Amino acid sequence: MIKVCKFGGTSMADGNMMKRVASIIKSDGERRYVVVSAPGKRFGGDVKITDLLYRCFDSVKQTGKCGEAYEKISERFRGIVSELGVSLDIEGILRDTQRDIEREKSEDFTASRGEYLSARVMASLLGFAFVDARDVVKFRADGQLDSERTFELMANALKGKKYAVVSGFYGEGADGRVKTFSRGGSDISGAIVARAVTADLYENWTDVSGFLACDPRIVENPAEIHSMSYKELRELSYMGANVLHSESIFPVRAANIPIRIKNTFRPTDKGTEILPISKYRYNGRIVTGIAGKKNFTVIFIEKSLMNAEIGFARKVLSILEKHGICFEHMPSGIDTMSFVIDSEELKHGVQEELLEEIRKAVNPDTMRVFDDIALIATVGHGMSKNVGTSAKLFDAIARAGINVRMIDQGSSELNIIVGVDNDNCERAIRAIYEEFFKKDMSFGL
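Residues numbered from 1 in each chain as written. Predicted model: local features only at pLDDT ≥ 70, side-chain atom pairs only at ≥ 80, totals over all residues. Heavy atoms only, no water.

Another aspect to go through is helix α7 (residues 147-158). With twelve residues, α7 should reach 16 Å at 1.5 Å per residue; the first-to-last C-alpha distance of 16 Å fits that figure. Turning to α7, its buried residues number three or more, namely Thr150, Phe151, Met154, Ala157 and Leu158. One side of α7 carries all its buried residues, which in axial view fall inside an arc of 135°. Residues of α7 that are exposed and point more than 90 degrees away from the buried face comprise Glu148 and Glu152. (Helix = DSSP H or I, 4+ residues; strand = E, 2+ residues; numbered from the N terminus. Expected span 1.5 Å × (residues − 1). Buried < 20%, exposed > 50% of the residue type's maximum accessible area, 1.4 Å probe, protein only. Arc of directions from axis to C-beta.)

Dropping the structure here:
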């Protein structure tokens, strides 16, 4: 059996934490390939290594030198190596890294050095081979992961290596320069390794014991989720349940590799198992989880006989494409169409320009914009198996005195998404949780 383990920034925060990680890995000989993040915060008020590296890049832009931020990074890694007592030329590695950052003058390259240094240290501590992600993770010219090439290179690099540490978060772009994933992208790196070696299990180690039914900052002591499907994970993680990067499932889903979320601080906890639909077994619960995300804008378009106007939707979508704007949802009626867009994409005059172009292209009867909208996803395979689920959900929201601004339900009946005002987001989540988790505790997770 082959297990691939990814350890997040909290798990790598200092020497003592790295010793804990090493103990977890060594306790199971099936944990053969390890992916690590850059060291995170050690305590409240501390600064993550990646954030220090972004400061370092700012200094390089302004002065050509890494500056004070890099000295803090160096001190941190010197301390870690000293705590671990490993035989590693950390001074030489730090000098080379500083030289490379100042030469490359690249934000992605600079940000990637936390994972690079972390992996070098962990490989030395474990006595494992070190694999630089730059050599094996490749991106296409459009910025997307070159999956097939990456899997082949990764598999070849790990072939013959019984144990190895791979740096997370970055790879190499089509231009030959280092390119990073979005923040949290080491989760994707771990999934890539799992797919490349056809692992039996991908373990993602973090500072929580798996997924909860909703955000504990909104609902006190929410129920634990012990198992879920890839589809449920995708919906919940995208909508704000940030235990795992929402894109990390794609490499392992194609190979039907299960994911298990584990807690580095409490390694004996069961955690959450995420399964392909072929292995997932419905256990009787109606709702698996609830997640919310704020700050969306809804563009509402109305035109009589819209359904009879060939190419109407295409014309609007082409305008969004021209501006490089992605929409999250597109609820529609016989004469209406709405686009739900992340408000960040409409700043700096983009919204006004977009609306004017839509008016010219399709001449709508009415066009309205609703700002400050929060989307709340109620997710679970059991929703389609239980009569009256939608009624319960909307009754709960109504009893809380909250007006629903938008409804969108996918054809899979896996989730129901409602739009409410930003100010009502937390109250709506609490109302839905109360309805499905506190009223009937027979739906255990």
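With antiparallel pairing, the five strands of this open sheet are ordered in space as β12-β11-β13-β15-β14. The open sheet terminates on both sides in strands that have one partner only, identified here as β12 (336-342) and β14 (406-409). Taking the axes of each pair of neighbouring strands and ignoring which way they run, one obtains an average angle of 35° across the sheet. As judged from the seven bridges shared by strand β13 (residues 366-379) and strand β15 (residues 415-421), these two strands associate in the antiparallel manner. Along β15, the bridge assignment pairs Ile376 with Val418. Helix α12 (residues 350-362) rests against β11 (289-302) and β13 of the sheet, and its axis sits at about 115° to β13. Together, β13, β14 and β15 form the strand contacts of helix α13 (residues 389-399), whose direction differs from that of β15 by roughly 15°. (Pairing = 2+ DSSP bridges. Axes fitted to C-alpha atoms, helices over the stretch in contact; angles between N-to-C directions. Contact = heavy atoms within 4.5 Å.)

Our next topic: the packing of aromatic side chains. Applying the stated criterion across every chain, the model contains six aromatic pairs. Between Phe128 and Tyr163, the ring centres sit 5.0 Å apart and the planes meet at 25°, which makes this aromatic pair stacked. Note that Phe128 is positioned in the loop between α5 (107-126) and β3 (129-131) and Tyr163 in the loop between α7 and β4 (164-167), a separation of 35 residues in sequence. The exposure class of Phe128 is buried, given its relative accessible area of 12%. For the pair Phe327 and Phe339, a centre-to-centre distance of 5.7 Å together with 80° between the ring planes defines the contact as edge-to-face. (Phe/Tyr/Trp six-rings, centres within 6.5 Å; stacked < 30°, edge-to-face > 60°.)

Look at α13 against helix α14 (residues 425-438): their axes get within 8 Å of each other, and the N-to-C directions meet at 135°. Classified by the interaxial angle, the pair formed by α13 and α14 is oblique. Here the hand of the crossing between α13 and α14 comes out right-handed. Contacts between α13 and α14 involve Thr389, Lys392, Leu393, Ala396, Ile397 and Arg399 on the former and, on the latter, Ala431, Ile432, Glu435 and Phe436. Tallied by class, the residues present in the contact of α13 with α14 amount to six nonpolar, one polar and three charged. (Parallel < 35°, antiparallel > 145°, perpendicular 65-115°, else oblique. Left-handed = near helix turned anticlockwise from the far one by under 90°. Nonpolar A, V, L, I, M, F, W, Y, C, P; charged D, E, K, R; others polar.)

To continue, consider the sheet that holds β4. Pairing is mixed across the open sheet formed by eight strands, whose spatial order is β3-β4-β2-β1-β7-β9-β10-β8. Each having just a single partner strand, β3 and β8 (227-229) make up the two edges of the open sheet. Geometrically, the sheet is characterised by an average inter-axis angle of 20° between neighbouring strands, direction not taken into account. Looking at chain direction, β8 and strand β10 (residues 272-275) are connected through three bridges and run parallel. From the neighbouring strand, Ser229 faces β10, where its bridge partner is Leu275.

Here the focus is the confidence of the model for the chain. Of all residues in the chain, 96% attain a pLDDT of 70 or more, and the chain-wide mean is 91. Here β14 is the element of the chain with the lowest mean pLDDT, 80, and β3 is the one with the highest, 98. Confidence drops under pLDDT 50 across residues 441-445; counting only partners more than four residues distant or on other chains, this segment forms 16 contacts. (pLDDT = per-residue confidence, 0-100.)

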